[in-house]
Amino acid sequence: MINDYKKHDLYGKTLIQKIELTPPFNFDFPVTEQACFLYVKDGDVEYQIDEEQISVATNYSLLLNCINSGKQIHNSKSNSNCEIVIVTFYPEILKKIYDRELPLLLQKPKNVISNKSSEKINNDFLIQKYIEGLLFYFENPSLINEDILVLKVKEIILLLSQTQNSESIQLILSQLFSPTTYTFKQIIEANLFSQLTIEELAQQNNLSVSSFKREFAKIFHDTPANYIKVKKLEKAAELLQVSDQRITEIAFDCGFNDLANFTKSFTSKYNVSPTNYRQKLNNKE
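These figures come from a predicted structure and were not determined experimentally.

Colleague: Describe the packing of helix α2 (residues 125-139) against helix α3 (residues 146-161), naming the residues involved and giving the relevant values.
Modeller: Between α2 and α3, whose axes approach to 10 Å, the crossing angle comes to 165°. Judged by the inter-axis angle, α2 sits roughly antiparallel to α3. Once α2 is placed against α3, the crossing between them reads as left-handed. Listed contacts from α3 to Leu 126, Ile 127, Tyr 130, Leu 134 and Tyr 137 of α2 are Ile 148, Lys 152, Glu 155, Ile 156, Leu 159 and Leu 160. Considering only residue class, the contact of α2 with α3 consists of nine nonpolar, no polar and two charged.

Colleague: Describe empty space enclosed by the protein, naming the residues involved and giving the relevant values.
Modeller: Inspection of the entire model under this criterion finds one cavity of 30 Å³ or more. There is about 30 Å³ of room inside the largest cavity. Around the largest cavity, the lining residues are Lys 108, Val 112, Ser 114, Leu 171, Gln 175 and Tyr 182. Tallied by class, residues from the lining of the largest cavity come to three nonpolar, two polar and one charged.

Colleague: Could you give an account of the layout of surface pockets, naming the residues involved and the relevant values?
Modeller: Empty space within the largest pocket amounts to approximately 370 Å³. Lining the largest pocket are 19 residues, with Val 112, Glu 167, Leu 171, Leu 196 and Gln 204 sitting closest to its centre. Counting only elements with at least two residues in the lining of the largest pocket, the list comes to α4 (166-174) and α6 (198-204). Looking at the lining of the largest pocket residue by residue, the class counts come to six nonpolar, nine polar and four charged. Looking at the second largest pocket, its volume works out to about 310 Å³. If you go around the second largest pocket, you meet 16 residues; those closest to its centre are Ala 225, Ile 228, Lys 229, Lys 232 and Gly 255.

Colleague: So what's going on with the packing of aromatic side chains? Which residues, and what values?
Modeller: Under the defined criterion, the tally for this structure stands at twelve aromatic pairs. Both rings, one in Phe 216 and one in Phe 220, keep their centres 4.6 Å apart while their planes meet at 35°; by these two values the pair is tilted. Residue Phe 216 and its partner Phe 220 are located together in helix α7 (residues 209-220), separated by four residues, close to a single helical turn. Between the aromatic rings of Phe 220 and Tyr 227, the centroid separation amounts to 4.5 Å while the plane-to-plane angle is 40°, which identifies the pairing as tilted. Taken individually, Phe 220 and Tyr 227 each receive the classification buried, so the pair is uniform in this respect. Ring pairing ties together the aromatic residues Phe 184, Phe 212, Phe 216, Phe 220 and Tyr 227, which thus form one cluster. Here the basic side chain of Lys 232 rests over the ring of Phe 256, its NZ or CZ set 5.8 Å away from the ring centre. Note that Lys 235 overlies the ring of Phe 193, its terminal NZ or CZ placed 4.3 Å from the centroid.

Colleague: Report on the sheet that holds strand β4 (residues 35-42), specifying residues and quantitative values.
Modeller: Strands sit in the order β1-β2-β9-β4-β7-β10 across an open sheet of six strands; the sheet is antiparallel. Every interior strand has two partners, whereas the edge strands, β1 (2-10) and β10 (118-121), have only one. Taking the axes of each pair of neighbouring strands and ignoring which way they run, one obtains an average angle of 15° across the sheet. Sheet analysis places β4 next to strand β9 (residues 82-89), joined by seven bridges and oriented antiparallel. Note on β9: the bridge partner recorded for Phe 37 is Val 87. Most of the contacts of α3 go to β1, to which it runs at about 100°, and overall it touches β1, β2 (13-21), β4, β7 (61-65), β9 and β10. Lying over the sheet, α4 contacts β4, β7, β9 and β10, oriented at roughly 35° with respect to β7.

Colleague: Provide a residue-level description of α2, including the pertinent values.
Modeller: Taking 1.5 Å of rise per residue, 15 residues should cover 21 Å, and α2 covers 21 Å from first to last C-alpha, within 8% of that figure. All buried positions along α2 are accounted for by Ile 127, Tyr 130, Ile 131, Gly 133, Leu 134, Leu 135, Tyr 137 and Phe 138. Buried residues belonging to α2 abut β1, β2, β4, β9, β10 and α3. A distance of 3.0 Å separates the backbone nitrogen of Leu 126 from a side-chain oxygen at the start of α2, and that oxygen is part of Asp 124.

Colleague: Break down the pairing of strand β3 (residues 25-28) for me, with residues and values.
Modeller: Of the two faces of β3, the one holding Phe 25 and Phe 27 is buried and the one holding Asn 26 and Asp 28 is not buried anywhere. As defined by bridge partners, β3 adjoins strand β8 (residues 72-75) across four bridges and the pair is classed as antiparallel. Among the inter-strand pairings, Phe 27 is bridged to a residue of β8, identified as Ile 73.

Calculation notes
Residues numbered from 1 in each chain as written. Predicted model: local features only at pLDDT ≥ 70, side-chain atom pairs only at ≥ 80, totals over all residues. Heavy atoms only, no water. Axes fitted to C-alpha atoms, helices over the stretch in contact; angles between N-to-C directions. Helix = DSSP H or I, 4+ residues; strand = E, 2+ residues; numbered from the N terminus. Parallel < 35°, antiparallel > 145°, perpendicular 65-115°, else oblique. Left-handed = near helix turned anticlockwise from the far one by under 90°. Contact = heavy atoms within 4.5 Å. Nonpolar A, V, L, I, M, F, W, Y, C, P; charged D, E, K, R; others polar. 1 Å grid on protein atoms, 1.4 Å probe; cavity = no way out; pocket = protein on both sides within 12 Å on 5 of 7 lines; lining within 4 Å. Points joined across faces, edges and corners; volume = space filled by probe spheres on them. Phe/Tyr/Trp six-rings, centres within 6.5 Å; stacked < 30°, edge-to-face > 60°. Buried < 20%, exposed > 50% of the residue type's maximum accessible area, 1.4 Å probe, protein only. Lys NZ or Arg CZ within 6 Å of the ring centre and 35° of its normal. Pairing = 2+ DSSP bridges. Expected span 1.5 Å × (residues − 1). Polar contact = N/O pair within 3.5 Å; in protein donor to acceptor, adjacent residues only side chain to side chain.

Here you go:
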């Protein structure tokens with residue numbers, strides 16, 4: 001149940017919302033085709049994406065690309081009220097207030113292929129202070145004006161760019177201006193030689209781990225761990241043959257984070273160590 005709802009508009013669109021809710025509740029975001037920053041001031045909420053449920057506790061926040069992700073939060077367990085603040089990012093408003101050039105956080109990262117659409121942001125002191133500033137204007141609405149709202153948008157963009165989640169946040173926000181949707185196979189192939197975990201690869205595909213594994217098996221007829229390992233070793237074997245790179249460098253380039261693990265895996269697959277594999281190729285020549 002909604003106990004209290006307040007909002008401030010900028011250029012005719014709902015920019016900032018403050019909502020107080022009593023569990024049990026389901027709250028639909030009144031947004032489409034944009035991204036939003038959701039901060040939990042009091043209580044806790046649940047956000048459902050695919051089969052995965054994300055819990056967001058007091059003073060934590062969630063950044064969502066509402067183009068690709070769900071649009072509902074809920075709480076059916078807690079006995080205490082919840083208070084949330086939502087800042088919505090519209091591409092047309094962002095282009096208007098950054099009239100010369102979009103900040104780096106809104107620009108598409110180079111050589112990154114991902115459909116990631118949500119990021120949970122841990123308790124951050126500066127963001128807490130930012131929210132306190134917004135609440136002041138909800139308590140004193142006569143003091144709010146267009147210039148202050150523009151400054152508040154720029155302020156949260158700056159704060160988000162300084163969090164430890166900034167790379168993921170950039171992925172999500174940049175999709176507002178480059179709304180490319182990649183296929184599952186494209187994302188896997190683009191990240192084959194990275195050091196991403198299975199959980200991180202699932203996030204890049206905007207899937208839960210269980211759904212990711214099912215989709216992977218359907219497309220590649222193998223487990224993610226085995227398929228990716230084989231591809232990394234095949235690339236390593238090719239590099240041993242055609243390049244003069246040091247074996248340590250080859251291991252790193254192929255997504256192995258330590259030489260011992262690479263050597264063990266390579267020897268298991270090819271029945272010879274990387275060093276001897278290269279020597280045998282050289283002797284043949």
